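# Overview (structure and organization)
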Amino acid sequence: MSNINSRIALVITDRETNAQIKHLGVGLLELRADLFKKLDPAYIIDQIKQRKLLKIPLLLTLRNQKKEGAVKTFSDELKMQIITAALPLVDLIDIELSSPLLKRVVSDTKRIGKMVIVSSHHLQGMPRDLESIFKKSKGPIASTSNSRLKNVKADFVKIAAKANSFDDVMTMLAFTHRHRKLGPITMSLGPWGALSRLVFLAAGSRYTYTFLNKPTASGQMDVVTLKSHLKVYYPA
């Protein structure tokens, strides 16, 4: 189970405590800073420093577009200010393919040796152009003056799409398996979504996302339930 546990991404805000998290045995903490009580850079940095005490890799996510799953909207200027301040403290950054900040965030992240996830969210249904989305997300996305960073690419591509049928789940499953050597992060949303949280790992999805107290996306399974299923289907 240790290998599978390393592929569990626990989504948290500023409401969960370190005591609740430290013994859960997950491989990644996604800090949904856009859901924090305050969108203040100093407050967010303080929260990140508290989470670093857990010694679990940290992924910073800031959703500010409704079409990408944001609960509240705020300016790209504030988003970039927070990312710039937080980047030295976290291990990964999630930036949306549709974000005007994409090239800047990818370049800044790679420049200091951190990893970046380029994500896209399709909340109404399965897109017809999964291959095109994957290609655009993977890159090359940006070029820099640093010769070592010419034509930088995303480390991971995340695609989440609502499944309106079992066929949609199978479409995403097949897509995931085709690209398994590149470690995509894939999931189906909606009523069919829970199945994808279990099965897509076997097809090659790098992470499956879960929660402790409150889901942040439809189809998410809580961490205790998820781990109980993974223990059955992915024995050590």
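The rules behind each value
The residue numbering used here restarts from 1 in each chain and proceeds along that chain's sequence as written. Only residues with pLDDT of 70 or above have their local features reported here, since the model is predicted, and side-chain atom pairs are shown and tallied only from 80 upward, although totals for entire chains, interfaces and linings are computed over all residues. To obtain the side-chain values, all non-hydrogen atoms of the structure were used and water was disregarded. Three labels apply to residues, based on accessible area from a 1.4 Å probe with only protein chains included: buried if under 20% of the type maximum, exposed if over 50%, partly exposed otherwise in between. Secondary structure elements are taken from DSSP: a helix is a run of H or I of four residues or more, a strand is a run of E of two residues or more, and numbering for both begins at the N terminus. This arc is built from the directions going out from the helix axis to the C-beta atoms. In what follows, residue pairs with any heavy atoms lying within 4.5 Å of each other are defined as contacts. To estimate how far a helix should extend, the number of its residues minus one is multiplied by 1.5 Å. Each salt bridge in this description consists of a side-chain nitrogen of Lys or Arg and a carboxyl oxygen of Asp or Glu lying within 4 Å of one another.

## Things to note about helix α6 (residues 130–138)
- Buried residues of α6: L130, I133, F134, S137 and K138, and no others. Each buried residue of α6 lies within a common arc of 125 degrees when the element is viewed along its axis, so the set occupies one face. Opposite the packed face of α6, turned more than 90 degrees from it, sit the exposed residues K135 and K136.
- Buried residues in α6 make contact with β5 (115–122), β6 (156–162) and α7 (166–178).
- Where α6 terminates, the next one or two residues include G139, which has phi positive at roughly 95 degrees.

## Quick notes on α7
- Helix length check: α7 (13 residues) gives 19 Å between terminal C-alpha atoms against 18 Å at 1.5 Å per residue, within 8%.
- All of the buried residues along α7 are D168, V169, M172, L173, F175 and T176. Looking down the long axis of α7, one finds its buried residues gathered within 165 degrees of arc, a one-sided arrangement. In this structure, α7 carries D167 and R178 as exposed residues pointing more than 90 degrees from its buried face.
- Of the surrounding elements, those touching the buried residues of α7 are α6, β6, β7 (185–189) and α8 (193–203).

## Re the pattern of salt bridges
- Within this structure, the stated rule accounts for nine salt bridges.
- Across the pair D108 and R111 runs a salt bridge whose closest N-O atoms are separated by 2.8 Å. With D108 and R111 both in helix α5 (residues 102–111) and three residues apart, the pair spans about one turn of that helix.
- Ionic pairing is found between E131 and R178, a salt bridge with its closest N-O pair at 2.7 Å. Here E131, found in helix α6, pairs with R178, found in helix α7; they are 47 residues apart in sequence, far enough to count as distant.
- Each of the salt bridges in this network shares a partner with another, and the network as a whole consists of R63, K79, D94 and E96.

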